[in-house]
Amino acid sequence: MCNKNSLNLPRRLRRLRRSPAIRSLVAETSVSVSDLIQPIFVKEDLGAPQPIASMPGQFRCSLEDTVTECLKLYQAGIRGVAPFPKIDPVKKTPDGADALCPETIVLRTFRAIKQAVPELLIFADLALDPYTTHGHDGILNEEGSDVLNDETVDALCRMAVASAAAGADFVAPSDMMDGRVRAIRAALDEAGYTGVGILAYSAKFNSAYYGPFRDAVGSAASAGTTLLGKHTYQIDPANARQAVDDALLDVSEGADMLMVKPAGPYLDVIHRLREKTLLPVAAYQVSGEYAQIHAAAQLGWLDYTRTRDESLLAIKRAGADFILTYFAREIALKSDEPSILSVASPAEGI
Ligand code: PBG
């Protein structure tokens, strides 16, 4: 290196970018497999895994295949899964009553996972949308024009206790009803599940990025639309301050961890929450974020691996402690691929 200092610069920031060794020394953020939670889809029938068209690489699996998959994920270093059910449309009702049946596919899945892979954390999503004919997250009023808050919270409390009894480590209310965290905490404590935590979907936005997920669980099809409006309970994408308000309320009601969802389009909200609370902050990189990277890569317009890894790194850099992402599985299973993530090897003891 004998470039002349002809500009007479006192500082040259490129010194810190000169070699891979220097760049890795000064890297401020990394993503490791143990930061990633895999959402999974469970179906009621015993047939072969069904691919989800709008989510390449994701499948709806039978209970048995799900358990096999969970074992594989755990051995690859993944520490948690978030199971979602695909319910047979004939079982759906306007009030989503089947969610409270003690033998739902999702509760049976929790029990089977806990038996086969007890160390793998289960995050139980609490909301009625997989079970309702209209696809909303709660019980509708008589006119069918809005979701009833307190009646829905009552159902969520019962789902929370049933999930805890079936082995869930955390319950994750994704419904955005008011007062649910406090009510769920009280219900869990009363039933003796003081050790089961609450991951509050505190800042869940009314987002178009949930489209592919609604294909996966059939909640849009049951509502006859892909543009199901959840404006009266999910947060307006215009509002970051309100998202912080919602999250701090969840903290005061007893949340153990907070979540921002979607992740990539809401990095500012992740950052604000990281500054405002000492609780762990999770981010959910949702189905539409996953689908758009796949779609652009399929067209040859983006480099798949680099875009995927950059999207995750950005979420960590914004301040997320861990990420729910459909990329978790492939990153864990192919950790020998060159990647900017400096993927850590599976934790000890496996
Ligand atoms: C519903 C729920 C949704 C997601 C997780 N839980 C969709 C919705 O609110 O309609 C979306 C996840 C994703 O898009 O990956 N309670």
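Placed above this text is the structure.
Residues numbered from 1 in each chain as written. Predicted model: local features only at pLDDT ≥ 70, side-chain atom pairs only at ≥ 80, totals over all residues. Heavy atoms only, no water.

1. Brief notes about a positive patch on the surface
Positive charge collects at one region of the surface, where R11, R12, R14, R15 and R17 lie side by side. Within the secondary structure, R11 sits in the segment before helix 1 (20-26). Classification of R11 as exposed rests on a relative accessible area of 63%. (Patch = residues over 30% accessible without salt bridge, like charges linked within 9 Å, V, L, I, M, F, W, Y side chains within 5 Å. Areas by Shrake-Rupley, 256 points an atom, 1.4 Å probe, with all protein chains shown as cover. Salt bridge = Lys/Arg side-chain N within 4 Å of Asp/Glu carboxyl O. Lys, Arg positive; Asp, Glu negative; His and termini not counted. Charge placed at Lys NZ, Arg CZ, Asp CG, Glu CD. Helix = DSSP H or I, 4+ residues; strand = E, 2+ residues; numbered from the N terminus. Buried < 20%, exposed > 50% of the residue type's maximum accessible area, 1.4 Å probe, protein only.)

2. Observations concerning the packing of aromatic side chains
Inspection of every chain in the model, using the stated rule, returns 12 aromatic pairs. A ring pair is formed by F41 and Y326, whose centres lie 6.0 Å apart and whose planes are at 5°; its orientation type is stacked. One end of the pair, F41, is in strand 1 (residues 36-43); the other, Y326, is in the loop between strand 10 (322-325) and helix 12 (328-333), and 285 residues separate them in sequence. Look at Y326 and you get buried, because its relative accessible area is 1%. Measuring from centroid to centroid gives 6.3 Å for Y201 and Y284, while their planes differ by 50°, and the two rings are tilted. Placement of the pair is Y201 in strand 7 (residues 197-204) and Y284 in strand 9 (residues 281-285), with a sequence separation of 83 residues. Side by side, Y201 and Y284 carry an identical accessibility label, which is buried. These aromatic residues form a ring-pair network of at least three members: F41, F84, Y201, F213, Y284, Y290, Y304, Y326 and F327. The ring of Y210 carries K204 above its face, with NZ or CZ at 5.3 Å from the centroid. (Phe/Tyr/Trp six-rings, centres within 6.5 Å; stacked < 30°, edge-to-face > 60°. Lys NZ or Arg CZ within 6 Å of the ring centre and 35° of its normal.)

3. Topic: the pattern of salt bridges
Under the criterion given, the structure shown has 16 salt bridges. The salt bridge involving K91 is made with E44; its shortest N-O contact spans 2.6 Å. In this pair, K91 sits in the loop between strand 4 (80-86) and helix 3 (105-116) while E44 sits in the loop between strand 1 and strand 2 (50-51), placing the two residues 47 residues apart along the sequence. A salt bridge links R180 to D250, with the nearest nitrogen and oxygen atoms 3.6 Å apart. Remark: D250 occurs in helix 8 (residues 241-253) and R180 occurs in helix 5 (residues 180-190); sequence separation between them is 70 residues. Here R180 matches D250 in class, with each residue buried.

4. Let's talk about the nonpolar core
For soluble globular proteins, nonpolar side chains are generally found buried alongside one another. Residues F41, V171, I184, I270 and Y284 are the most contacted members of the largest nonpolar core, which totals 98 residues. The contacts of V171, once residues within four sequence positions are left out, are A124, L126, A160, S163, I184, L188, V196, G197, I198 and L199. (Core = buried A, V, L, I, M, F, W, Y, C linked by side-chain atoms within 4.5 Å. Contact = heavy atoms within 4.5 Å.)

5. Quick notes on the pairing of strand 6 (residues 170-173)
Covered by surrounding structure in strand 6 are F170 and A172 together with V171 and P173, the residues of both alternating faces. As judged from the four bridges shared by strand 5 (residues 121-126) and strand 6, these two strands associate in the parallel manner. Of the residues in strand 6, the one forming a bridge with D125 is A172. Bridge count between strand 6 and strand 7: two bridges; the pairing is parallel. (Pairing = 2+ DSSP bridges.)

6. Looking at the side chain of K316
With respect to the helices and strands, K316 occurs in helix 11 (residues 304-318). Here K316 falls in the buried class, since its relative accessible area comes to 16%. Not counting residues up to four positions away in its chain, the partners in contact with K316 are T29, S30, V31, D35, D321 and I323.

7. Considerations on the packing of helix 10 (residues 287-298) against helix 11
It is the contact of helix 10 with helix 11, at a shortest axis distance of 9 Å, that shows an interaxial angle of 160°. Overall, the two elements helix 10 and helix 11 adopt an arrangement that is roughly antiparallel. When the axes of helix 10 and helix 11 are compared, the crossing they make is right-handed. Residue-level contacts link I293, H294 and A297 of helix 10 to Y304, T307, R308 and S311 of helix 11. (Axes fitted to C-alpha atoms, helices over the stretch in contact; angles between N-to-C directions. Parallel < 35°, antiparallel > 145°, perpendicular 65-115°, else oblique. Left-handed = near helix turned anticlockwise from the far one by under 90°.)

8. A closer look at the site of the ligand
Taken together, 18 residues sit near the ligand, with S174, R214, K261, S287 and Y326 positioned nearest. Side-chain polar atom of D137 to a nitrogen atom of the ligand: 3.2 Å apart, as the coordinates give it. With respect to the ligand, the side chain of K230 contributes an N or O atom lying 2.7 Å from an oxygen atom. Protein contact buries 100% of the 400 Å² of open area that the ligand shows by itself. Grouping the constituent residues of the shell around the ligand by class yields eight nonpolar, three polar and seven charged. (Near = heavy atom within 4 Å. Polar contact = N/O pair within 3.5 Å; in protein donor to acceptor, adjacent residues only side chain to side chain. Nonpolar A, V, L, I, M, F, W, Y, C, P; charged D, E, K, R; others polar.)

So far we have only geometry, and geometry alone does not tell us how the molecule works.
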